[in-house]
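Read off the chains here:
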Amino acid sequence: MKKSGGIKIVVIGVILAALVVGYYFYLSNKTEKQQEEVVESTQVQIALMRDLEKNYPPTPKEVVKYFNEITMCFYNEKYTDEELELLAEKIQGIYDAQLIANKSQESYLEDLKNDIAEMKSNDRSVSSYQLPASTDVTFFSENGDSCAKLYCTYSIRQGTEMLQSRLVFILRQDENKRWKILGWDLDD
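In this text the structure is predicted, and so the values were computed from the model without any measurement.

A.B. asks: Can you lay out the overall build of the protein for me, pointing to particular residues and giving the numbers?
C.D. replies: Tallying secondary structure elements over the protein gives 6 helices and 5 strands in all. Here the C-alpha radius of gyration of the protein, 28 Å, is well above what a compact globule of 188 residues would show, namely 16 Å. Burial analysis of the protein (188 residues in total) assigns 29% to the buried set. Excluding contacts between residues fewer than 6 apart, the proportion of contacts in the protein whose partners are at least 24 apart in sequence is 55%.

What follows is the structure in structure tokens.
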């Protein structure tokens, strides 16, 4: 009798151990499947996810970098009309109030759409951009405002050709000490 009681305990122990091991493998495989189902975000979605209230670029160079990330989305990525409008709003979040005041929202969107259409019709895309070293940012004061000036070089692909374009950006600090793009122009 004692022998059969010991055998029952061993058999029950083996069954319980098998159940624990089986449950462990079930959970392990379930986690792997969930991880495989994660969808990668597009560049447009990444640009739109940035919360400028909590994560505003701290330097003029970082502001222009974010500007370029959105610009690359405008000219190189696929997006919906709604995403285009959201990108336009997001980029305006790093513009100086004076720059935004130059155009109505409708006029800005129309001009942006026309510019994007022109680039695409000429088979152009922004291939890359190059920001200067932090030491190459010029800081100055204008009418009591803290300002910064920096250059950015763009490589633009037109068909099989590569073109270079260099822009000069002027930024100004707002009342919250955030650098905002006041304007840009082609560098001579």
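Let's pick the thread back up.
A.B. asks: Tell me about the pattern of salt bridges, and name the residues and values.
C.D. replies: Enumeration according to the criterion identifies 4 salt bridges in this entry. Between Asp96 and Arg172 there is a salt bridge; the shortest N-O distance is 2.6 Å. Taken together, the residues Asp96 in the loop between helix H4 (81-92) and helix H5 (97-100) and Arg172 in strand E4 (residues 161-173) connect sequence positions 76 residues apart. Arg172 shares its class with Asp96; the two are buried. Through salt bridges with shared partners, a single network forms among Asp96, Asp145 and Arg172.

A.B. asks: A description of a nonpolar patch on the surface should follow, citing residues and the corresponding values.
C.D. replies: A cluster of nonpolar side chains, contributed by Ile7, Val11, Ile12, Ile15, Leu16 and Leu19, occupies part of the molecular surface with about 580 Å² of accessible area. Inspection of the secondary structure puts Ile15 in helix H1 (residues 2-36).

A.B. asks: Which residues make up the side chain of Gln92, and what values do they have?
C.D. replies: Tracing the sequence through the fold places Gln92 in helix H4. In this structure Gln92 touches Ile100, Gln105 and Tyr108, once residues within four positions along its chain are discounted.

A.B. asks: Which residues make up the packing of aromatic side chains, and what values go with them?
C.D. replies: In this structure the tally under the stated criterion is 8 aromatic pairs. Grouped by ring-pair contacts, the aromatic residues Phe67, Tyr95, Tyr108, Phe169 and Trp184 constitute a single cluster. The side chain of Arg50 reaches across the aromatic face of Tyr66, ending 4.8 Å from its centre. Over the face of the ring belonging to Tyr151 we find Arg166, whose NZ or CZ atom lies 4.1 Å from the ring centre.

A.B. asks: Explain the state of the cysteines to me, using residue names and the numbers behind them.
C.D. replies: Summed over all chains, the structure comprises 0 disulfides. Cysteine Cys73 shares no disulfide, and the gap to the nearest cysteine sulfur, in Cys152, comes to 15 Å. For Cys73, a relative accessible area of 2% corresponds to the buried category. In this structure Cys147 is not part of a disulfide, and its nearest cysteine sulfur, from Cys152, lies 19 Å away. Given a relative accessible area of 4%, Cys147 falls into the buried group.

A.B. asks: Break down a negative patch on the surface for me, citing the residues and quoting the values.
C.D. replies: A cluster of acidic residues, Asp81, Glu82, Glu85 and Glu89, forms a negative patch on the protein surface. Positionally, Glu82 belongs in helix H4. Residue classification places Glu82 among the exposed residues on the basis of a relative accessible area of 58%.

Cut-offs applied
Residue numbering note: each chain is counted from 1, following its sequence as written. Only residues with pLDDT of at least 70 are given local features in this predicted model, and only at 80 or more are side-chain atom pairs given and counted; all residues enter the totals for whole chains, interfaces and linings. The side-chain values count all of the structure's non-hydrogen atoms but skip hydrogen atoms and water molecules. For the purposes of this entry, the term helix denotes a DSSP run of H or I that reaches at least four residues, the term strand denotes a run of E that reaches at least two, and both are numbered from the N terminus. For the radius of gyration, the atom set is restricted to C-alpha positions; the globular benchmark scales as 2.2 Å times the number of residues to the power 0.38. Throughout this description, buried means an accessible area under 20% of the type-specific maximum (1.4 Å probe, protein chains only), exposed means over 50%, and partly exposed covers the range between. Contacts are assigned to residue pairs that have any heavy atoms within 4.5 Å of one another. Should a side-chain nitrogen of Lys or Arg be within 4 Å of a carboxyl oxygen of Asp or Glu, the pair is scored as a salt bridge. A patch consists of residues whose relative accessible area exceeds 30% and which take part in no salt bridge; residues with like charges are grouped when within 9 Å of each other, and nonpolar side chains (Val, Leu, Ile, Met, Phe, Trp, Tyr) when within 5 Å. For every accessible area listed, the method is Shrake-Rupley and the probe measures 1.4 Å; residues are considered covered only by the protein chains on display. Under the pairing criterion, centres of Phe, Tyr and Trp rings, with the six-membered ring standing for Trp, must be within 6.5 Å; the plane angle then separates stacked pairs below 30 degrees from edge-to-face pairs above 60, leaving the rest tilted. Working rule: Lys NZ or Arg CZ, within 6 Å of ring centre, within 35 degrees of ring normal, means a charge sits over the ring. The term disulfide is used for any two cysteine sulfur atoms that are within 2.5 Å. When charges are counted, Lys and Arg contribute as positive and Asp and Glu as negative, whereas His and the chain ends are disregarded. A charge is said to be at NZ when it belongs to Lys, at CZ for Arg, at CG for Asp and at CD for Glu.

Keep in mind that these numbers describe shape and distance, not what the molecule does.
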